[in-house]
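Overview (structure and organization)
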Amino acid sequence: MTAVRPLEMERPRHRPFLIGVSGGTASGKSTVCAKIMELLGQNKVDHRQRKVAIISQDSFYKVLTPDQKARALKGQYNFDHPDAFDNELMYQTLKDIVEGTVVEVPTYDFVTHSRLQDRITVYPADVVLFEGILVFYSQEVRDMFHMKLFVDTDSDVRLSRRVLRDMKRGRDLEQILTQYTTFVKPAFEEFCLPTKKYADVIIPRGVDNMVAINLIVQHIQDILNGDLCKWHRGGAVNGHSRGFKRAASEQGDLANFPPGKRVLLEPSSRPH
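Residues numbered from 1 in each chain as written. Predicted model: local features only at pLDDT ≥ 70, side-chain atom pairs only at ≥ 80, totals over all residues. Heavy atoms only, no water.

As named in an unreviewed UniProt entry, the protein chain is Uridine-cytidine kinase, taken from Salmo salar. Looking at the protein chain in UniProt, the text filed under Function (unreviewed entry) is "Phosphorylates uridine and cytidine to uridine monophosphate and cytidine monophosphate. Does not phosphorylate deoxyribonucleosides or purine ribonucleosides. Can use ATP or GTP as a phosphate donor." Quoted verbatim from the Sequence similarities (unreviewed entry) field of UniProt, the annotation for the protein chain is "Belongs to the uridine kinase family." (UniProt positions renumbered as here; feature names shortened; annotations may be inferred.)

Dropping the structure here:
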């Protein structure tokens with residue numbers, strides 16, 4: 001597969017602050033990212049001028065062979081396995097983004113299980129959110145993130161959300177549940193859940209946890225206001241910035257968390 005070639009630059013190059021957002025299926029990763037964009041007022045800004053951009057790992061699903069597509073339409077293809085993604089293209093695209101290059105990201109149709117001709121143009125931004133179930137699985141990709149977030153949502157909630165979502169895509173309930181028990185749940189436990197240990201910040205309950213969302217938004221706002229330079233000069237300490245600690249202190253939480261420790265912003269009500 002040939003990597004998507006970057007477009008010509010339209011703005012000066014600068015290295016963005018890259019944030020990985022992981023979590024199980026239907027945990028609320030994209031909703032968390034959308035809420036961050038909303039609170040920062042970036043969702044109303046023209047794509048060419050946005051300071052914060054969102055990219056989904058789902059865009060990098062492999063182009064399926066006819067046999068694989070036939071199995072996918074029957075719910076017999078494992079989309080939750082690391083091999084389901086075009087990891088080479090994903091890595092190269094992220095490298096180009098980190099270098100401040102304008103790139104084109106593929107779009108994927110979950111109804112037909114195919115990569116569309118349309119592309120999403122991603123322009124240079126100060127902060128880039130990259131979300132997906134396995135964004136921390138590959139060390140090569142994981143090491144690119146300046147901050148790693150894990151959205152930790154109860155498994156029953158995630159299942160109910162997935163059922164509703166897939167039914168809207170035209171799939172029947174039996175197929176959805178069979179796919180979940182055969183592929184989704186085992187893959188989550190084998191490939192996604194173990195990567196939770198790499199997270200700098202764990203967000204229980206997803207977008208419902210506004211304490212966590214507001215802290216992260218404040219942290220990003222600090223970066224947009226000029227603290228980004230501090231990161232590149234070594235102002236970050238073990239994955240956390242002084243700005244994030246300051247925001248935590250102002251919120252009354254996490255004021256004294258030790259450097260190098262992952263942050264659990266609120267205890268989960270129930271384990272997975």
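Resuming the write-up.
The helix and strand tally for the protein chain stands at 8 helices and 10 strands. For the protein chain, buried positions account for 49% of its 272 residues. Sequence separation of 24 or more characterises 76% of the internal contacts of the protein chain that already satisfy a separation of 6 or more. As presented, the protein chain carries roughly 13200 Å² of accessible surface, and 49% of it is formed by carbon and sulfur atoms. (Helix = DSSP H or I, 4+ residues; strand = E, 2+ residues; numbered from the N terminus. Buried < 20%, exposed > 50% of the residue type's maximum accessible area, 1.4 Å probe, protein only. Contact = heavy atoms within 4.5 Å. Areas by Shrake-Rupley, 256 points an atom, 1.4 Å probe, with all protein chains shown as cover.)

For Ala 26, which is not a glycine, the phi torsion comes out positive at approximately 55 degrees. With respect to the secondary-structure elements, Ala 26 resides in the loop between strand S1 (17-23) and helix H1 (29-39). Residues other than glycine seldom take positive phi values, yet His 113 does so here, at roughly 55 degrees. Along the chain, His 113 falls in the loop between strand S3 (103-109) and strand S4 (114-122).

For the rest of this paragraph, the subject is the packing of helix H5 (residues 155-168) against helix H6 (residues 173-192). Packing of H5 against H6 brings their axes to within 11 Å, and their N-to-C directions diverge by 135 degrees. In terms of orientation, H5 and H6 fall into the oblique class. Viewed along their axes, H5 and H6 form a crossing whose handedness is right-handed. From H5, Ser 155, Arg 158, Leu 159, Arg 162, Val 163, Asp 166 and Met 167 reach across to H6, where they touch Leu 173, Ile 176, Leu 177, Gln 179, Tyr 180, Val 184 and Phe 188. Residue composition of the contact of H5 with H6, grouped by class: 9 nonpolar, 2 polar and 3 charged. (Axes fitted to C-alpha atoms, helices over the stretch in contact; angles between N-to-C directions. Parallel < 35°, antiparallel > 145°, perpendicular 65-115°, else oblique. Left-handed = near helix turned anticlockwise from the far one by under 90°. Nonpolar A, V, L, I, M, F, W, Y, C, P; charged D, E, K, R; others polar.)

Moving on, we come to the packing of aromatic side chains. Scanning the entire structure with this criterion turns up 10 aromatic pairs. Ring geometry for Phe 130 against Phe 145: centres 6.3 Å apart, planes inclined by 25 degrees, an arrangement best described as stacked. Remark: Phe 145 occurs in the loop between helix H4 (139-142) and strand S6 (147-152) and Phe 130 occurs in strand S5 (residues 127-131); sequence separation between them is 15 residues. The pair formed by Phe 130 and Phe 145 is uniform in burial state, with each residue classed as buried. Measuring from centroid to centroid gives 5.6 Å for Tyr 137 and Phe 191, while their planes differ by 85 degrees, and the two rings are edge-to-face. Taken together, the residues span a long stretch of sequence, with Tyr 137 in the loop between S5 and H4 and Phe 191 in helix H6 at a distance of 54 residues. Connected via pairs of aromatic rings, a cluster forms that spans Tyr 61, Tyr 77, Phe 79, Phe 85, Tyr 108 and Phe 110. The ring of Tyr 198 has Arg 142 sitting right over it, with the charged end atom 3.7 Å from the ring centre. Here the basic side chain of Arg 158 rests over the ring of Phe 188, its NZ or CZ set 4.3 Å away from the ring centre. (Phe/Tyr/Trp six-rings, centres within 6.5 Å; stacked < 30°, edge-to-face > 60°. Lys NZ or Arg CZ within 6 Å of the ring centre and 35° of its normal.)

Moving on, we come to a nonpolar patch on the surface. Together, Met 167, Leu 173 and Leu 177 make up a nonpolar patch on the protein surface, roughly 250 Å² of accessible area in all. Taking the relative accessible area as the measure of exposure, Leu 173 reaches 41% and is therefore partly exposed. (Patch = residues over 30% accessible without salt bridge, like charges linked within 9 Å, V, L, I, M, F, W, Y side chains within 5 Å. Salt bridge = Lys/Arg side-chain N within 4 Å of Asp/Glu carboxyl O.)

Right, let's talk about the nonpolar core for a bit. Ranked by size, the top nonpolar core spans 23 residues in total, and within it Ile 19, Ile 36, Val 52, Val 127, Leu 149 and Ile 220 carry the most contacts. Where this core is concerned, the elements lending two or more residues are S1, H1, S5, S6, strand S7 (201-204) and helix H7 (210-232). With 7 residues, the top contributor of residues to this core is H7. If we skip the residues at most four places from it in the chain, Leu 149 touches Ile 19, Gly 20, Val 21, Ser 22, Phe 136, Ala 199, Val 201, Ile 203 and Ile 216. Leu 18, Ile 97, Val 103 and Phe 136 belong to the second largest nonpolar core, which has 20 residues in total. (Core = buried A, V, L, I, M, F, W, Y, C linked by side-chain atoms within 4.5 Å.)

This part is about H5. Between its terminal C-alpha atoms H5 stretches 20 Å, which fits the 20 Å expected from 14 residues at 1.5 Å a residue. For H5, the full list of buried residues reads Arg 158, Arg 162, Val 163 and Asp 166. Mapping the buried residues of H5 onto a view down its axis gives an arc of 135 degrees, with all of them on the same face. Those residues of H5 that are exposed and aimed more than 90 degrees away from the buried face are Leu 164 and Lys 168. Contact partners of the buried residues in H5: H6. (Expected span 1.5 Å × (residues − 1). Arc of directions from axis to C-beta.)

Moving on, we come to the pattern of salt bridges. Under the definition given, this model contains 11 salt bridges. Residue Arg 115 is joined to Asp 86 by a salt bridge in which the shortest nitrogen-to-oxygen separation is 3.7 Å. In this pair, Arg 115 is assigned in strand S4 and Asp 86 in the loop between helix H2 (66-73) and helix H3 (87-98), connecting sequence segments 29 residues apart. With respect to class, Arg 115 is no different from Asp 86; both count as buried.

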